[in-house]
Amino acid sequence: MSKVPAWLGQVGAELTRMGERLDQRRAEAEEEDRPVPRTAPESVPPPPAYAPSVVAKPDPVAAIPWGMRVAGEAAWRLLVLAGLLWVLMRVIGAVQLVVMAFAAGLLITALLQPTVGWLKRHGMPRALATALTAVAGFVLMGLVGWFVVWQVMENIDDLSNRVTDGINELKRWLLDSPFHVTEGQINDIAKTLSDAVGSNTEKITSAGLQGLTVIVELLTGIVLAMFSTLFLLYDGRKIWHWTLKLVPAQAREGVAGAGPRAWRTLTAYVRGTVLVALIDALFIGLGLYFLNVPLAVPLAVFIFLGAFIPLVGALVSGALAVVVALVTQDVFTALMVLCVVLGVQQIEGHVLQPFILGRAVRVHPLAVVLSVAIGSLVAGIGGAVVAVPLVAVTNTVVGYLRAYSAEQALPDSPAPDPAPSASPAPASSSAPSSEEAPQAPAVAPAARPATAEAGDGRE
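Quantities reported herein were computed from a predicted structural model and do not represent experimental measurements.

### Focus: unusual backbone geometry
Link 1 in the chain: Even without being a glycine, N292 presents a positive backbone phi close to 65 degrees.
Link 2 in the chain: Along the chain, the position of N292 falls in the loop between helix 8 (249-290) and helix 9 (296-306).
Link 3 in the chain: Among the residues examined, N292 registers a relative accessible area of 48% and is labelled partly exposed.

### Thoughts on the packing of aromatic side chains
Link 1 in the chain: A complete count under the given rule lists three aromatic pairs for this structure.
Link 2 in the chain: Arranged with centres 5.6 Å apart and planes meeting at 70 degrees, the rings of Y289 and F290 form a pair that is edge-to-face. The pair formed by Y289 and F290 is uniform in burial state, with each residue classed as exposed.
Link 3 in the chain: A ring pair is formed by F304 and F308, whose centres lie 5.5 Å apart and whose planes are at 85 degrees; its orientation type is edge-to-face.
Link 4 in the chain: Taking the relative accessible area as the measure of exposure, F304 reaches 21% and is therefore partly exposed.
Link 5 in the chain: Lying over the aromatic face of Y234, R126 brings its terminal NZ or CZ to 4.6 Å of the ring centre.

### What to know about the packing of helix 8 against helix 9
Link 1 in the chain: Contact geometry for helix 8 and helix 9: axes closest at 8 Å, N-to-C directions at 155 degrees. One finds that helix 8 runs roughly antiparallel with respect to helix 9. Here helix 8 runs over helix 9; the crossing is right-handed. Contact residues: V274, A277, L278, D280, A281, I284, G285, L288 and Y289 in helix 8; A296, L299, A300, I303 and F304 in helix 9.
Link 2 in the chain: Its residues placed into classes, the contact of helix 8 with helix 9 shows 12 nonpolar, one polar and one charged.

### Description of the nonpolar core
Link 1 in the chain: A110, L266, V270, V372 and V388 are the most contacted members of the largest nonpolar core, which has 17 residues in total.
Link 2 in the chain: Those elements that place two or more of their residues in this core are helix 4 (96-121), helix 8 and helix 12 (365-409).
Link 3 in the chain: Sorting elements by how many residues they give to this core places helix 8 first, with seven residues.
Link 4 in the chain: Ignoring any residue separated from it by four or fewer positions in sequence, one finds A110 in contact with W263, L266, T267, V270 and R271.
Link 5 in the chain: Core analysis: the next-biggest nonpolar cluster, separate from the first, contains 14 residues, I284, A325, V337 and V341 among them.

### A closer look at the side chain of S317
Link 1 in the chain: For S317, the location among the structural elements is in helix 10 (residues 312-328).
Link 2 in the chain: Classification of S317 by relative accessible area gives buried; the value is 3%.
Link 3 in the chain: Not counting residues up to four positions away in its chain, the partners in contact with S317 are F302 and I303.

Rules used throughout
Residues numbered from 1 in each chain as written. Predicted model: local features only at pLDDT ≥ 70, side-chain atom pairs only at ≥ 80, totals over all residues. Heavy atoms only, no water. Helix = DSSP H or I, 4+ residues; strand = E, 2+ residues; numbered from the N terminus. Buried < 20%, exposed > 50% of the residue type's maximum accessible area, 1.4 Å probe, protein only. Phe/Tyr/Trp six-rings, centres within 6.5 Å; stacked < 30°, edge-to-face > 60°. Lys NZ or Arg CZ within 6 Å of the ring centre and 35° of its normal. Axes fitted to C-alpha atoms, helices over the stretch in contact; angles between N-to-C directions. Parallel < 35°, antiparallel > 145°, perpendicular 65-115°, else oblique. Left-handed = near helix turned anticlockwise from the far one by under 90°. Contact = heavy atoms within 4.5 Å. Nonpolar A, V, L, I, M, F, W, Y, C, P; charged D, E, K, R; others polar. Core = buried A, V, L, I, M, F, W, Y, C linked by side-chain atoms within 4.5 Å.

In short, geometric facts, not functional conclusions.
This is the structure in structure tokens:
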């Protein structure tokens, strides 16, 4: 019995030691968890002599020059714009017939709309004025086309005979010329041309079939242009209001103010170009008539149509008139026709266009050449026709929006009236009245319609 209390005493002592060890470990753990105050070292040992000196690397953004950063920021934005432009051009190319028909209808509307406005101001209902103007305009254009075709058909035999005589005269001149051209060489050239035409009969037939497709597309485009013109003349104001609803509210007021100025520019361009083209065709046609050049009337009409393609159209139509005079008459007559064409075009460039078009649609000649080239590459002859008015309208819109933004930045400033886009046109191409163009809004765009009752100039 004496051993039991001794054993219990040992167990109790062991338990006591275990409790002490647990308390010690708990205290050590609490000591480790307690934050140690940081004290600055008394001294930093210098690096060893063999250690290379390392310069701190600058921020990567600061390491790039400012010019390169600006170029990079502009580059990705230009890439996005180029992508959007590429997609837009693909879409336009897919529906090119519809786009060109609508553009033709817009140009015809700009030409006919002042007549509709004049009839309305004299008490004629809008529907009747629109129908009368549209029918009269299309009938007049159809009569001109029929007259040209009739003149060509009437003079085709005489022209063919004159061309044959001209070729024979050229053959005789080559035989008598100092170039030592023999009749056998001329016959070989003629035989080669004949064989080329015979061997390409299949291609010519295929081109004829493609010509039928082109005729169908042309008739479809004419019908679309007629309907576009009719609805733009009648419901132009409603179409303009609907278009403004697609514009964000923050930009709606500026777009509504740019609309009438763009329309005045387009109207001035179309009316001025038609007037200049009529003068060119009249005087050059009279010169061809008095010089006894065949097909004087069709050539005058061709010169009139060519005037709608600035620079290039006048050059091509004038060259065609000179070639016809050279083939059907003689060298002296061709030189006289060349003098007439150059004289009329000089009067056009230095007198007619500055006086008739004025500053309202002034576009730099380099911009004209580039826009015509780009338009012809994108959409052929139709693109060349609409390129210059598109550039003129864009110039007007950009100038107005720039002035409008500057005016918005300065409170309590008068409304912007930028030149030359908003300047009144000369008397021969005067800007349309308040019934002919959309008016800029006078209140906040979210609280009222964006244009006044006058409409957009296409009603």
